[in-house]
Amino acid sequence: MNPDAVKPSKGNILIVDDSPDNLRVLSNTLAEHDYKVRCVTNGEMALISIKNLLPDLVLLDIRMPIMDGYEVCQHLKANPQTKEIPVIFLSALDDVMGKVKAFEVGGADYITKPFQSEEVLVRIENQLMIQRLNDDLNERNQRLQQEIDHHKQTEAALRQEIKKRSLIEAALQDAKDAAEAANYAKSEFLARMSHELRTPLNAILGFSELMQQDSALSAEYQDYSRSINQSGRQLLQLLNHILAMTQVEASQLSLNKQTFHFLHLLDSLEAVWDQKAAAKGLRLTVDRDPTLPQYIEADESKLRQVLMSLLDNAIRFTTQGSVSLRVNVGHVDWVTERQATASYPLPAAKYQLGFEVVDTGQGIAPHELEHLFKAFSQTTTGRQSERGIGLSLLLSRQFVQLMGGDLTLSSTPGQGTIAQFQIVVQAGTPNPCLTTSLNPISDYDIELSAPFVAPLPQLSDELIIESLQMAMPTGWLTQLHQAAIKGFDQQISQLIQEIPTTHALLAGILMDWNRNFQFDHIVSITRQVLERT
């Protein structure tokens, strides 16, 4: 369905929040109550989307990188075309000065996180009602003024006034078009610059890796190339960590359950982290319960990211000895002999999966354990290593709790640490179409992906551009570009489904960007493709 098509709804809402999970919760809630919803993850894309299609109301997060909510609101209130749009601020801030500033820059209302769906719906309805009443009053005043003018002015004066107004409106429209074109160009430039920050770093990493493989280089220059590569990876990690910081404030997360090959997931984890451990002179063991189910239905991405984070921490802070991943299973729903012979379909069995990551590292002091699940908290060892910003365990625990379990730590200084959690999953039905080829875990994913960002295949922008040129026509590319500018994630999803199965990897990358509301990536790529056609 075309989002531009007119259909009965209670209002057109634009949500601006740099937390994709937060966007999904709000979007689903409002859609269920007959609102048309658009979502963007940053202020620049919000201004572009509003310029292309004015919303009836804006739900605006305050704390966002580059351009915060206050600055976005000031832009809207300074523009005659958008100054009447009501803005409701969303923020974890609960201090008086934060609320005062929200109203000073033009906010109509303020909701403090964690919010309740009922409160959000009531406040939106109140603001839309006030806006409708104001619009109705303005419309009545305009009609009344027109009637008064009609009786006071002669036919000649009226014609002269109409002529003047036509000239003024034409001039204002030209100025408006010029301003919109300038704003669009500026916004596209900012989006491109944000995207291009990673391009030179990727080149540095790629060439430094090639240099390390060059046997003609001396040992000294091999060390230089390794230092360059390590510094580049740390810088990319820092950029991704900054994007992940605001996820700590999200009060609600969503699960994306699907059936996947559980044993393949464990195989891929073991293959990659065995190399990581061996590089430090450590021994990695993966102990599996022989009765583990082959297929399960769960959130594969979140489970993988939790295990990757725990293994990364264990290997990073272990200098000698071993790291072990232990996986066991217990049945939650048992199938009786009578049920096994029943002719009617039975519900799928459930399993309780237990995970333990055990290391022989430096351990954690008892007084530091209780602080590890707080945002930006680190142990003394972690601060000395100068790596990370203290978010991985907090986000891991949130993901595990979302999957129905809890993450706990136990440690003995000088002997090691044990991280363990249990989750309940449902048995999955094998699907011949299931494959792990589109989501392999690679060394590139571990080093460059931020915590809790699903790993993407290694595909450069140039290859994505060439694939789009080869696979899709110009009309389709134009539709995708416009949908990304306006923040229409549902239309983008429908367009991606038109990509041929021979380009499944391309479709997977675009779908991941869309799922995480990274519309600036899609805008940048499609713009480059259209410029070449």
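One can find the structure itself at the top, above this paragraph.
Residues numbered from 1 in each chain as written. Predicted model: local features only at pLDDT ≥ 70, side-chain atom pairs only at ≥ 80, totals over all residues. Heavy atoms only, no water.

1. A look at helix 19 (residues 504–515)
The criterion, for reference: Secondary structure elements are taken from DSSP: a helix is a run of H or I of four residues or more, a strand is a run of E of two residues or more, and numbering for both begins at the N terminus. One less than the residue count of a helix, multiplied by 1.5 Å, gives the span that helix is expected to have. Burial classes: relative accessible area under 20% of the type maximum marks a residue as buried, over 50% as exposed, and values in between as partly exposed (1.4 Å probe, protein chains only). Any two residues whose heavy atoms approach within 4.5 Å at even a single point are treated as in contact.
Helix length check: helix 19 (12 residues) gives 16 Å between terminal C-alpha atoms against 16 Å at 1.5 Å per residue, within 8%. For helix 19, the set of buried residues is Leu 506, Ala 507, Ile 509, Leu 510, Asp 512, Trp 513 and Asn 514. On the buried face of helix 19, the contacting elements are helix 16 (461–471), helix 17 (474–486), helix 18 (489–496) and helix 20 (519–532). Looking at the residues trailing helix 19, positive phi occurs at Phe 517, about 60°.

2. Here we look at helix 3 (residues 69–78)
What counts here: The directions considered for the arc are those from the helix axis to the C-beta atoms. Think of a polar contact as two N or O atoms within 3.5 Å of one another; within protein, one of them needs to be a possible hydrogen donor and the other a possible acceptor, and neighboring residues in sequence only count if both atoms come from side chains.
Buried within helix 3 we find Gly 69, Tyr 70, Val 72, Cys 73 and Leu 76. The arc that holds the buried residues of helix 3, viewed along the axis, is 160°, so those residues lie on one side. In this structure, the buried residues of helix 3 make contact with helix 2 (43–52), strand 3 (57–61), strand 4 (87–91) and helix 4 (96–104). Sitting at the amino-terminal end of helix 3 is Asp 68, which places a side-chain oxygen 3.3 Å from the backbone nitrogen of Tyr 70.

3. A few points about the packing of aromatic side chains
Inclusion rule: In this analysis, rings of Phe, Tyr and Trp, with Trp reduced to its six-membered ring, are considered paired at centre separations within 6.5 Å, and the interplanar angle assigns stacked below 30 degrees, edge-to-face beyond 60, and tilted for intermediate values. Both a distance and an angle decide whether a charge sits over a ring: NZ of Lys or CZ of Arg must be within 6 Å of the ring centre and within 35 degrees of the ring normal.
Under the definition given, this model contains 4 aromatic pairs. Note on Tyr 70 and Phe 89: the rings are 5.8 Å apart at their centroids and 50° apart in plane angle, and the pair reads as tilted. In this pair, Tyr 70 is assigned in helix 3 and Phe 89 in strand 4, connecting sequence segments 19 residues apart. Across the pair, exposure class does not vary: Tyr 70 and Phe 89 are buried alike. Aromatic side chains Phe 355 and Phe 421 sit 4.8 Å apart centroid to centroid with 20° between the ring planes, which places their arrangement in the stacked category. Taken as a pair, Phe 355 in strand 10 (residues 350–359) and Phe 421 in strand 12 (residues 416–427) lie far apart in primary sequence, 66 residues in all. Overall, Phe 355 belongs to the buried group, its relative accessible area being 1%. We classify Phe 421 as buried; its relative accessible area is 3%. Its guanidinium or amino end placed over the ring of Phe 399, Lys 302 lies 5.3 Å from that ring's centre, counting from NZ or CZ.

4. Overview of the sheet that holds strand 1 (residues 12–16)
This is how the line gets drawn: For two strands to count as paired, DSSP must find a minimum of two bridges between them. Convention adopted: a line fitted to C-alpha atoms gives each axis, helices being fitted over their contacting stretch, and angles between N-to-C directions are expressed from 0 to 180 degrees.
The strand order 2-1-3-4-5 describes an open sheet built from 5 strands, whose pairing is parallel. The open sheet terminates on both sides in strands that have one partner only, identified here as strand 2 (36–40) and strand 5 (109–112). Neighbour to neighbour, the strand axes of the sheet diverge by 20° on average, direction disregarded. Two strands pair when backbone bridges link them, and strand 4 and strand 5 are joined in this way by 4 bridges, in the parallel orientation.

5. Here's the deal with unusual backbone geometry
Phi is positive for Asp 34, which is not a glycine, with a value near 65°. Here Asp 34 is to be found in the loop between helix 1 (20–32) and strand 2. A positive phi angle, close to 70°, is found at Ile 66, a residue other than glycine. Position of Ile 66 relative to the elements: it lies in the loop between strand 3 and helix 3. Overall, Ile 66 belongs to the exposed group, its relative accessible area being 70%.

6. Let's talk about the packing of helix 19 against helix 20
The test is simple: When an angle is under 35 degrees it counts as roughly parallel; over 145 it counts as roughly antiparallel; between 65 and 115 it counts as roughly perpendicular; any other value is oblique. Note on residue classes: Ala, Val, Leu, Ile, Met, Phe, Trp, Tyr, Cys and Pro are nonpolar, Asp, Glu, Lys and Arg are charged, and everything else, Gly too, is polar.
Direction vectors running N to C along helix 19 and helix 20 enclose 135°, while the axes themselves pass 7 Å from each other. With respect to helix 20, the axis of helix 19 lies oblique. In contact with Leu 510, Trp 513 and Asn 514 of helix 19, helix 20 contributes Phe 519, His 521, Ile 522 and Ile 525. Looking at the contact of helix 19 with helix 20 residue by residue, the classes come out as 5 nonpolar, 2 polar and no charged.

7. Here's the deal with the environment of Gly 281
Looking at the secondary structure, you find Gly 281 in the loop between helix 9 (262–279) and strand 7 (283–288). On the basis of relative accessible area, Gly 281 is assigned to the exposed category, the value being 60%. Between the C-alpha atoms of Gly 281 and Thr 318, which are 37 residues apart in sequence, the distance is 9.9 Å.

8. Describing the pattern of salt bridges
Threshold: We define a salt bridge as a side-chain nitrogen of Lys or Arg found within 4 Å of a carboxyl oxygen belonging to Asp or Glu.
Counted under the stated rule, the structure contains 19 salt bridges. For the salt bridge of Glu 125 with Arg 132, the shortest nitrogen-to-oxygen distance reads 3.0 Å. Note that Asp 299 and Lys 302 form a salt bridge whose closest N and O atoms lie 3.2 Å from each other. For the pair Asp 299 and Lys 302, a shared accessibility class is recorded, and that class is buried. Among the charged side chains, a salt-bridge network with shared partners connects Asp 17, Asp 61 and Lys 113.

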